[in-house]
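Notes for the structure review
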Amino acid sequence: MGQIAALRCVSCGSEYGPDQIEYTCPACGPRRGTLEVRYDYDRLRSELTRDSFARAGLASMWRYLPLLPITDETSIQPLRVGWTPTYRYPEFASELGLSALYVKDDGQNPTASYKDRASSLVVIKAQEKNMPVVTCASTGNAASSLAGFAAATPLETIIFVPERAPEAKVAQLLVYGARVFLVRGSYDVAYDLAAEAAEAFGWYNRSAAVNPNLVEGKKTGALELAEQLDWNPPDVVLVSVGDGSVISGICKGFAELQSIGLIERTPEVIGVQAEGSAPIADSFARFDGGEVAIEDVEASTIADSICVGAPRDIVKAVTYVHANGGRFVTVSDAAILGAIVELARRTGVFAEPAGAAAFAGLRKLVTAGDLAGKSAAVMITGSGLKDVASARRAIGEPAIIDPTLAAIEEHL
Ligand SMILES: *Cc1c(COP(=O)(O)O)cnc(C)c1O
Ligand SMILES: [Zn+2]
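Residues numbered from 1 in each chain as written. Chains lettered and ligands numbered in written order. Predicted model: local features only at pLDDT ≥ 70, side-chain atom pairs only at ≥ 80, totals over all residues. Heavy atoms only, no water.

With that out of the way, let us pick up the overall build of the protein. Along the backbone of the protein there are 17 helices and 13 strands. On C-alpha atoms alone, the protein measures out to a radius of gyration of 21 Å, which is about the 22 Å that the 2.2 N^0.38 rule sets for 412 residues. Reported as C-alpha extents along the three principal axes, the dimensions of the protein are approximately 75 × 45 × 45 Å. Residues classed as buried in the protein amount to 59% of the 412 residues present. When contacts within the protein are restricted to residue pairs at least 6 apart in sequence, those whose partners lie at least 24 apart make up 72%. Across the protein, the centroid of the 37 positively charged side chains sits 2 Å from that of the 50 negatively charged ones. (Helix = DSSP H or I, 4+ residues; strand = E, 2+ residues; numbered from the N terminus. Rg over C-alpha atoms; globule rule 2.2 N^0.38 Å. Buried < 20%, exposed > 50% of the residue type's maximum accessible area, 1.4 Å probe, protein only. Contact = heavy atoms within 4.5 Å. Lys, Arg positive; Asp, Glu negative; His and termini not counted. Charge placed at Lys NZ, Arg CZ, Asp CG, Glu CD.)

As a further point, take the site of ligand 1. Among the 15 residues in the neighbourhood of ligand 1, the closest are listed as Lys115, Gly242, Asp243, Gly244 and Thr381. Between an oxygen atom of ligand 1 and a main-chain N or O atom of Gly244, the distance comes to 2.8 Å. Coverage of ligand 1 by the protein chains reaches 98% of its 380 Å² of free accessible surface. For ligand 1, the cavity whose grid points lie within 2 Å of the majority of its atoms is the largest cavity. Split by residue class, the shell around ligand 1 holds four nonpolar, eight polar and three charged. (Near = heavy atom within 4 Å. Polar contact = N/O pair within 3.5 Å; in protein donor to acceptor, adjacent residues only side chain to side chain. Areas by Shrake-Rupley, 256 points an atom, 1.4 Å probe, with all protein chains shown as cover. 1 Å grid on protein atoms, 1.4 Å probe; cavity = no way out; pocket = protein on both sides within 12 Å on 5 of 7 lines; lining within 4 Å. Sits in = over half its atoms within 2 Å of the grid points. Nonpolar A, V, L, I, M, F, W, Y, C, P; charged D, E, K, R; others polar.)

It is worth spelling out the pairing of strand S6 (residues 133-137) at this point. Across the five residues that make up S6, a large majority, five, are buried. The side-chain alternation of S6 yields two buried faces, one formed by Val133, Thr135 and Ala137 and the other by Val134 and Cys136. As judged from the five bridges shared by S6 and strand S7 (residues 156-162), these two strands associate in the parallel manner. Following the sheet pairing, Thr135 is matched in S7 by Ile158. With helix H6 (residues 141-151) bridging S6 and the parallel S7, this β-α-β connection has right-handed handedness. Pairing analysis gives two bridges linking S6 to strand S9 (residues 204-205), with the strands arranged parallel. (Pairing = 2+ DSSP bridges. Right-handed = clockwise from strand over helix to strand, strands pointing away.)

This part covers the sheet that holds strand S13 (residues 375-380). Ordered in space as S4-S5-S13-S10-S11-S12, the six strands form an open sheet in which the pairing is mixed. Of all strands in the sheet, those bounded by a partner on one side alone are strand S4 (86-88) and strand S12 (327-331). Averaged over all adjacent pairs, the angle separating strand axes in this sheet is 25°, with direction ignored. Sheet topology places strand S11 (residues 268-274) next to S12; five bridges connect them, and they run parallel. Paired with Gln273 across the bridge in S12 is Thr330. (Axes fitted to C-alpha atoms, helices over the stretch in contact; angles between N-to-C directions.)

Our focus in this paragraph is the packing of helix H5 (residues 116-128) against H6. When two helices pack together, their arrangement is captured by the angle between the axes and the distance separating the axes. Relative orientation of the contacting elements H5 and H6 amounts to 45°, with a least axis distance of 8 Å. In this view, H5 runs oblique relative to H6, as classed from their interaxial angle. The interaxial crossing formed by H5 with H6 has right-handed handedness. In contact with Asp116, Ser119, Ser120 and Val123 of H5, H6 contributes Ala142, Ser145, Leu146, Phe149 and Ala150. Taken together, the residues of the contact of H5 with H6 sort by class into five nonpolar, three polar and one charged. (Parallel < 35°, antiparallel > 145°, perpendicular 65-115°, else oblique. Left-handed = near helix turned anticlockwise from the far one by under 90°.)

In this section: empty space enclosed by the protein. Considering all chains together, one arrives at one cavity of 30 Å³ or more under this definition. In terms of lining, the largest cavity is formed by 26 residues, of which the most central are Lys115, Asp243, Val246, Ser305 and Ile306. Elements supplying a minimum of two residues to the lining of the largest cavity: H6 and helix H11 (245-259). Across the lining of the largest cavity, the residue classes break down as ten nonpolar, eleven polar and five charged. (Points joined across faces, edges and corners; volume = space filled by probe spheres on them.)

This next bit is on the pattern of salt bridges. Taken as a whole and assessed by the stated rule, the structure comprises 27 salt bridges. Of the charged contacts, one joins Glu256 and Lys252 as a salt bridge, the two residues approaching to 2.7 Å between their closest N and O atoms. Taken together, the positions of Glu256 and Lys252, both in helix H11 and four residues apart, correspond to about one turn of that helix. Taken individually, Glu256 and Lys252 each receive the classification buried, so the pair is uniform in this respect. Each of Arg8, Glu15, Glu36 and Arg38 takes part in salt bridges that share partners, so that together they form one network. (Salt bridge = Lys/Arg side-chain N within 4 Å of Asp/Glu carboxyl O.)

Have a look at this one:
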């Protein structure tokens, strides 16, 4: 089990003891003062080998327990989270001018999104801390994931989602037994309300970025990708970006593997944002190593999971991607809809819009000749069944026929 050495503020660098502070650096405030979990990397380097994780024998993200901030293993949920498949497509890769194409399908998590990696961990943390109520604001996936992982525990779950969250995500919440508030307003508004409520009523807050344990769960996708590719991660890894926590986790995962000597080089991590919701990409374009610019926008995109105008993990995302040597790219909603269809037809993986956005980013860079000869992995962060209405906007209508052979022939 990973013993937290310190919690370090990503803005001012102040270090706190693991029990000294819950959420963010008091000196820098909730927006800039997000915390990074630090371990004793010298000890990990001497204790861990490439075989350590397989020896644990767990086909889940819990094979990485030595790199996770968990002290009480007994409250790990039975739901299998992580160790999602990484598929290879040699022919499609060569058509795209890539040396290899990998698709990691995180839609196969228990509640069908990447968020399960973080929620499973936070549910354990809440119980460790004897917090009976967990809350979160979410565009939908973080919430349904929290509700799913809390369902079989004594925890009560209270959720704030925007009124227009996709139906499947709201259905998941209700089925799992969460108390759900549909907030009149955007995700950004719901986020502030959840933070206020958590403070006022003493609930444990799982909202993006505020809780440093979330990125720890989210880094496991990178650990898995490296291990599943025999510790030779690809040249580039693409992932879609809303609040910036998933990409921060992926950068941190690769950086930690490198610093403990398990991989030789880290892939270039490429964040993909929707054109109508790209404040992190904009800030990154202006970043010169000094203070991260924070300029919120009125977000609008079909990809609801990355429709975030006030990204809460912007400081981490910008500084981590900069340290990684990575970059950001933006894609239109039309490209995202096209990517849902192309990805499904060429790989068999059906992604929700925010998942397909990562593939749209790959498509854009391939078309620009930016990735020629490289190996690339695309993180599919959510299942297409999460948002069927958007998928149907990308495709035609099926024929409705009389039950006769003649009617079939008419359409063939
Ligand atoms: C949350 C989410 C993202 C983006 O993660 P952030 O941490 O908000 O950047 C991408 N895709 C899906 C499906 C998500 O649910
Ligand atoms: Zn600080």
